[in-house]
Amino acid sequence: MDAIGLYLHIPYCLHKCGYCDFNSHNINEAEMESYVRALLAEMEHYAPAAADRRVDTIFFGGGTPTTLPFTDLARILKACHQHFKVDPEAEITCEANPATIPQSDLKELREAGFNRLSIGVQSFDPAELERLERVHSVDEVYLTVERARTAGFDNLSLDLMFGLPGQTVERWQDNLKRALGLNPEHLSAYNLTIEPDTVFYKQQAQGHLVMPPDDFQRELFEITIDTLTSAGYEHYEISNYAKPAKQCRHNLNYWVNGEYLGLGAGASSTFNGERFKNINLPARYIAQINETQTAVESRETPDRRQRMGEAVMLGLRLRDGLRLATFEQQFGLSFHEAFGDPLARLAGMGLLEINSDRAVLTREGLFLADSVIVEFITEPEEVI
Ligand code: SF4
């Protein structure tokens, strides 16, 4: 039975952070009740199509899932168990904002079956939190981690962000030190990027926000890799680090091009060979689900060329790289046959290397990953 991941999107936040381009909206209690009902109806709709699939990861993401009352999170998780064949050893993650979780709720979340918490820390510096427009304090981060441990969570991930306006090397090193001091099983460290249609984008255009230069961001990235790997974390994906056997299984499934079903506003799926994405706006999502039990806004069946480019795009994000034998098995031709030209070009530039059975980005290539990967998406190849 082929396994799938299950993703549930909770699109509400206490405040829209200035850099955020996720599908997140300010909390709206009346709408949130209808949203939970819609999510449950959508789940019921897809359950028969997934009847022969094992669910081995469940991820509640957002937005901020913990803006929902605990009872709703528990109710949704219970419905997952009712409608899908959830593996008894499934990894079940809930994203959480440190400002939103009382101790009692954390205990009950754990008892309801959540076994992994991903905490949006972003920074241990009060001024940086304020600059990012985060609604939580540094003290609340410490409190949340302590409460999570007390509640019995033995698998915690902390999200951090580097390359912030005005950030110094020392401040970033201090952030890393404080994160390590909390001994999380997993860390994600993302480079701040300015996305269109965000408050930060407008501020940058008006000259009110100045990003650090690329070479400085690269220095912080190198410091991150060196600090976290020296502390015993495996650097297993461009922005992700884990203690042994604590990689995020749900995200790993994305990166190896596995199938997943996404439910909720704006959620994407790759399921039964098809790719589809839901309507973003929660009110429209609810209305559409109430009418037809689905809220798909776009749908595509990727052709072989697209699937190859995506397999490379995702595989190269992993430090283990892209397994050449798997690629050949999946597409019936070798990686060299499919992508000979970009491969030679990138290898010549020292950005990518082929070791015995894998294609792997070099350290230089990791920092330039987005531009390296584009070569495999756009390169036309006659042979394909
Ligand atoms: S908490 Fe996360 S999802 Fe919500 S607005 Fe901030 S960055 Fe976006």
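Residues numbered from 1 in each chain as written. Predicted model: local features only at pLDDT ≥ 70, side-chain atom pairs only at ≥ 80, totals over all residues.

### Comments concerning the site of the ligand
Our working definition: Each residue receives a C-beta atom placed from its backbone. It is near a molecule or strand if this atom lies within 6 Å of it. Think of it as three bins: nonpolar holds Ala, Val, Leu, Ile, Met, Phe, Trp, Tyr, Cys and Pro, charged holds Asp, Glu, Lys and Arg, and polar takes everything else, Gly as well.
The immediate surroundings of the ligand are formed by C13, K16, C17, C20, F22, S24, G62, G63, T64, N97 and G120. Classifying every residue of the shell around the ligand by side-chain character gives four nonpolar, six polar and one charged.

### A word on the pairing of strand 5 (residues 85-96)
To keep things clear, this is the line we draw: In this analysis, strands are considered paired if DSSP registers two or more bridges between them. What counts as a helix is a DSSP run of H or I of at least four residues, what counts as a strand is a run of E of at least two, and both are numbered from the N terminus. With strands facing away from the observer, any crossover in which the path from the first strand over the helix to the second runs clockwise is taken as right-handed.
Relative to strand 5, strand 4 (residues 54-62) is paired through six bridges, and the arrangement is parallel. Bridge pairing in strand 5 places V55 opposite V86. In this fold, strand 4 hands off to helix 2 (residues 70-83), which returns the chain to strand 5; that crossover is right-handed. The sheet contact formed by strand 5 and strand 6 (residues 116-122) spans four bridges and is parallel. When the bridges of strand 6 are listed, C94 appears paired with L117.

### Let's talk about the domain arrangement of the protein chain
Rules: Start and end points for every domain follow an automatic or database-based domain assignment. Whether two residues are in contact is decided by their C-beta atoms, placed from the backbone, lying within 7 Å.
The domains assigned to the protein chain are domain 1 (3-255) and domain 2 (304-378). Inter-centroid distance (C-alpha atoms) of domain 1 to domain 2 is 28 Å. Facing eight residues of domain 1, the contacting portion of domain 2 comprises seven residues. Among the secondary structure elements, those contributing two or more residues to the side of domain 1 that touches domain 2 are helix 8 (214-230), strand 9 (234-237) and helix 9 (249-255).

### Some words on helix 6 (residues 169-181)
Selection criterion: In this scheme, a helix's expected span is set at 1.5 Å multiplied by one less than its residue total.
A rise of 1.5 Å per residue sets the reference length of helix 6, with its 13 residues, at 18 Å; its end C-alpha atoms lie 18 Å apart and thus fit the reference within 8%. The inward-facing, buried residues of helix 6 abut strand 6, strand 7 (156-162), strand 8 (186-191) and helix 8. N183, located one to two residues past helix 6, shows a positive phi value of around 55°.

### Section: the nonpolar core
Note the cut-off: Think of a nonpolar core as buried Ala, Val, Leu, Ile, Met, Phe, Trp, Tyr and Cys residues, each tied to the set through C-beta atoms within 7 Å. Counting other C-beta atoms within 10 Å of each residue's C-beta, where C-beta atoms are placed from the backbone, gives the exposure class: buried for 20 or more, exposed for 12 or fewer, partly exposed between.
If you look at the biggest cluster of nonpolar residues, it comprises 94 residues, and the most contacted ones within it are L6, L8, L39, I76, L160 and L187. The greatest single-element share of this core, amounting to six residues, is contributed by helix 1 (residues 29-46). Counting contributing residues, this core receives three or more from each of domain 1 (3-255) and domain 2 (304-378). In contact with L187, other than residues within four places in its own chain, are S157, L158, L160, A179, L228, Y233 and Y241.

### Points about unusual backbone geometry
Residue G63 follows G62 across a cis peptide bond; omega there is 20°. Positive phi, close to 55°, is recorded for N183, a residue that is not glycine. Mapped onto the secondary structure, N183 falls in the loop between helix 6 and strand 8. Even without being glycine, A245 reaches a positive phi, approximately 65°. As for its placement among the helices and strands, A245 is situated in the loop between strand 10 (240-242) and helix 9.

### Focus: the environment of L209
Residue placement: L209 occurs in the loop between helix 7 (199-205) and helix 8. Considered as a pair, L209 and L164 are 45 residues apart in the sequence and their alpha carbons are 9.8 Å apart. What L209 contacts, discounting residues up to four positions off in sequence, is P165, F200, Q203 and Q204.

### Observations regarding the packing of helix 2 against helix 3 (residues 103-112)
What counts here: To define axes, lines are fitted to C-alpha atoms, for helices over the stretch in contact only, and angles between the resulting N-to-C directions are given on a 0 to 180 degree scale. Just so you know how the angles are binned, under 35 degrees is roughly parallel, over 145 roughly antiparallel, 65 to 115 roughly perpendicular, and the rest oblique.
Between helix 2 and helix 3, the least distance of the axes is 10 Å, while the angle of their chain directions is 5°. Judged by the angle between their axes, helix 2 and helix 3 are roughly parallel. Residues F70, L73, A74 and L77 of helix 2 pack against D105, E108, L109 and A112 of helix 3. When the residues that make up the contact of helix 2 with helix 3 are grouped by side-chain class, the tally is six nonpolar, no polar and two charged.

### Some thoughts on the pairing of strand 9
It is a general feature of regular strands that their side chains alternate between the two faces of the sheet. Direction of pairing for strand 9 relative to strand 10: antiparallel, over a ladder of three bridges. By the bridge assignment, H235 is partnered in strand 10 with Y241. What sits between the antiparallel neighbours strand 9 and strand 10 is a turn of two residues.

### Considerations on the sheet that holds strand 16 (residues 352-354)
An order of 15-17-16 is seen for the three strands of this open sheet, with the pairing classed as antiparallel. Either end of the sheet is taken by a strand with one partner, and the two such strands are strand 15 (322-323) and strand 16. One ladder, built from three bridges, connects strand 16 with strand 17 (residues 358-361); its direction is antiparallel. The partner of E353 across the bridge, within strand 17, is V360.

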